[in-house]
Amino acid sequence: QVRLVESGGGLVQAGGSLRLSCVASGSWFSINTMGWYRQAPGKERELVGAITSGGSTNYADSVKGRCTISRDNAKNTVYLEVNSPKPEDTAVYYCNTVVQLRPGYSRQNYWGQGTQVTVSS
């Protein structure tokens with residue numbers, strides 16, 4: 001019912017720039033928070049940051065000041081920009097959204113398939 005597709009991952013140089021995109025498609029009543037998580041090898045998945053439908057954002061302390069999340073509600077797309085990525089930013093990045101499929105239904109989480117980001121030093 002809801003599909004998330006990430007793009008923009010790959011190999012990047014430390015100190016360069018990185019921009020990920022995630023497009024949501026499907027059918028829903030309302031789409032609420034959209035965000036990004038990441039999972040490094042041997043570690044648990046962690047929040048990078050999220051943005052509400054009204055544009056309010058929150059970020060993990062580890063990326064504050066280096067990451068910017070934005071969204072285009074008309075395109076059902078959320079973006080993640082990472083300035084000066086570091087090798088420790090290497091991870092699989094997952095898009096996440098909270099969707100209400102029908103009026104009165106409870107909100108549900110959906111995940112993308114993930115995109116690998118490798119930051120070389």
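Above this text is the structure in question.
Values in this document were obtained by computation on a predicted structure and should not be read as measured data. (Residues numbered from 1 in each chain as written. Predicted model: local features only at pLDDT ≥ 70, side-chain atom pairs only at ≥ 80, totals over all residues. Heavy atoms only, no water.)

(A) Summary view of the side chain of Arg38. Along the polypeptide, Arg38 turns up in strand β4 (residues 30-39). Judged by relative accessible area, Arg38 falls into the buried class, the value being 7%. Polar contacts involving the side chain of Arg38 include one to the side chain of Tyr93, which spans 3.0 Å. (Helix = DSSP H or I, 4+ residues; strand = E, 2+ residues; numbered from the N terminus. Buried < 20%, exposed > 50% of the residue type's maximum accessible area, 1.4 Å probe, protein only. Polar contact = N/O pair within 3.5 Å; in protein donor to acceptor, adjacent residues only side chain to side chain.)

(B) A look at the pattern of salt bridges. Inspection of every chain in the model, using the stated rule, returns five salt bridges. A salt bridge links Arg19 to Glu81; the nearest nitrogen and oxygen atoms lie 3.9 Å apart. In this pair, Arg19 sits in strand β3 (residues 17-26) while Glu81 sits in strand β8 (residues 77-83), placing the two residues 62 residues apart along the sequence. Assessed through its relative accessible area of 46%, Arg19 is described here as partly exposed. The salt bridge partner of Arg38 is Glu46, with a shortest N-O separation of 2.8 Å. Three or more residues joined by partner-sharing salt bridges are found here, namely Arg38, Glu46, Arg66 and Asp89. (Salt bridge = Lys/Arg side-chain N within 4 Å of Asp/Glu carboxyl O.)

(C) Summary view of the packing of aromatic side chains. Tallied over the entire structure, the rule returns one aromatic pair. Look at Tyr37 and Trp111: their rings are 4.9 Å apart centre to centre, the planes differ by 65 degrees, and that puts the pair in the edge-to-face class. Pair noted here: Tyr37 is in strand β4 and Trp111 is in strand β10 (residues 108-111), with a separation of 74 residues, a long-range link. On the accessibility criterion, Tyr37 (24% relative accessible area) is partly exposed. Using a relative accessible area of 37% as the deciding quantity, one classes Trp111 as partly exposed. Over the aromatic face of Tyr79 sits the side chain of Arg19, whose NZ or CZ is 4.3 Å from the ring centroid. (Phe/Tyr/Trp six-rings, centres within 6.5 Å; stacked < 30°, edge-to-face > 60°. Lys NZ or Arg CZ within 6 Å of the ring centre and 35° of its normal.)

(D) Spotlight on the sheet that holds strand β7 (residues 67-72). Across the sheet, which stays open at both edges, the four strands sit in the order β1-β3-β8-β7 with antiparallel pairing between neighbours. Edge positions in the sheet fall to β1 (2-7) and β7, since each has one partner strand and no second. Ignoring which end each strand starts from, the neighbouring axes of this sheet average 15 degrees apart. One ladder, built from seven bridges, connects β3 with β8; its direction is antiparallel. Bridging across to β8, Ser21 finds its partner in Tyr79. (Pairing = 2+ DSSP bridges. Axes fitted to C-alpha atoms, helices over the stretch in contact; angles between N-to-C directions.)

(E) Main features of the environment of Tyr59. With respect to the element layout, Tyr59 can be found in strand β6 (residues 57-59). A C-alpha to C-alpha distance of 9.5 Å links Tyr59 and Trp36, two positions 23 residues apart in sequence. Those residues in contact with Tyr59 that lie beyond four places of it in its chain are Val48, Gly49, Lys64, Cys67, Thr68 and Ile69. A distance of 2.8 Å separates a polar atom in the side chain of Tyr59 from the backbone nitrogen of Ile69. (Contact = heavy atoms within 4.5 Å.)

(F) How the structure looks around the pairing of strand β9 (residues 91-100). The element β9 is extensively covered by neighbouring structure, given that nine of its ten residues are classed as buried. Bridge count between β9 and strand β11 (residues 115-120): three bridges; the pairing is antiparallel. By the bridge assignment, Val92 is partnered in β11 with Gln116. As defined by bridge partners, β9 adjoins β10 across four bridges and the pair is classed as antiparallel.

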